[in-house]
Amino acid sequence: MSDEDYNESVLRVVESIPPGKVLTYGAIADIVGRGGPRQVGAVMAQVGGGVPWWRVVYADGSLPGCHRPDALDHYREEQTPMRAGESVVDIRQAFWKDA
DNA sequence: CTCTTGACGCCGG
DNA sequence: TCCGGCGCCAAGA
C-alpha cells in the first residue's frame, strides 16, 4: 500500500458519506484500517479539497477550526442534525452508522 | 537522530 | 456535562 493508495481510500470513504450524515476522523481511520485520526486529518488537509470535507467532524461532533462558517451553509442545506443554537453537529443523530 | 507540530481521541477531575 | 491534560502517528525542521 503506497501513500497515494491510502489517500485514495480515505477520500473514497468521505465521498461515500450521504448528505445529512457525518463521520469522525477516528471512524474513517478505522474503516480504512490504516493509520489513525491524525493521519486522516493530514490527508484531508492535503488532498481533501475535492470531497465533502464538511461531513468529517470530531468524535464529539464539534467542528475543526478549518471548516470555518462555510460548513454551516452545507449543514443547513443538507438538513444535518445540529445542536440548537450552536455550530456543533449532533453526532448522536448525524453519525453515519453504516460504512 | 531528536524535537516540534498538527483537519484527533480518550480518560480523569 | 464541561475542561484540561496525556497519548498517538507521521511529517518536517
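Computed from a prediction, not measured in an experiment: that's the story for all the values here.

Peer 1: Go over the protein's contact with DNA strand B, please, and point to the residues and values.
Peer 2: Looking at DNA strand B, there are 15 residues lining it, with Tyr25, Gly26, Arg38, Tyr58 and His67 nearest. Near the protein, within 4 Å, the atoms of DNA strand B are sugar or phosphate in 44% of cases. In the environment of DNA strand B, a phosphate oxygen lies 2.7 Å from a nitrogen or oxygen atom belonging to the side chain of tyrosine 58. Elements that contribute at least two residues to the surface near DNA strand B include exactly α2 (25–32) and α3 (37–47). Examining the composition of the surface near DNA strand B, we find that 6 residues originate from one element, α3, more than from any other. For the surface near DNA strand B, the per-class residue count stands at 9 nonpolar, 5 polar and 1 charged.

Peer 1: So, the layout of surface pockets: which residues are in play, and what are the values?
Peer 2: Of the pockets and cavities examined, the largest pocket occupies roughly 310 Å³. Here the lining of the largest pocket is built from residues that sort into 9 nonpolar, 4 polar and 1 charged.

Peer 1: Report on unusual backbone geometry, specifying residues and quantitative values.
Peer 2: Even without being a glycine, arginine 68 presents a positive backbone phi close to 55 degrees. Here arginine 68 shows up in the loop between β2 (56–57) and α4 (70–78). Here arginine 68 falls in the exposed class, since its relative accessible area comes to 55%. In the Ramachandran plot, glutamine 79 falls in the positive-phi region, its phi being about 65 degrees despite a non-glycine side chain. Relative to the assigned elements, glutamine 79 resides in the loop between α4 and α5 (91–94).

Procedures and definitions
- Residues numbered from 1 in each chain as written.
- Chains lettered and ligands numbered in written order.
- Predicted model: local features only at pLDDT ≥ 70, side-chain atom pairs only at ≥ 80, totals over all residues.
- Heavy atoms only, no water.
- Near = heavy atom within 4 Å.
- Polar contact = N/O pair within 3.5 Å; in protein donor to acceptor, adjacent residues only side chain to side chain.
- Helix = DSSP H or I, 4+ residues; strand = E, 2+ residues; numbered from the N terminus.
- Nonpolar A, V, L, I, M, F, W, Y, C, P; charged D, E, K, R; others polar.
- 1 Å grid on protein atoms, 1.4 Å probe; cavity = no way out; pocket = protein on both sides within 12 Å on 5 of 7 lines; lining within 4 Å.
- Points joined across faces, edges and corners; volume = space filled by probe spheres on them.
- Buried < 20%, exposed > 50% of the residue type's maximum accessible area, 1.4 Å probe, protein only.

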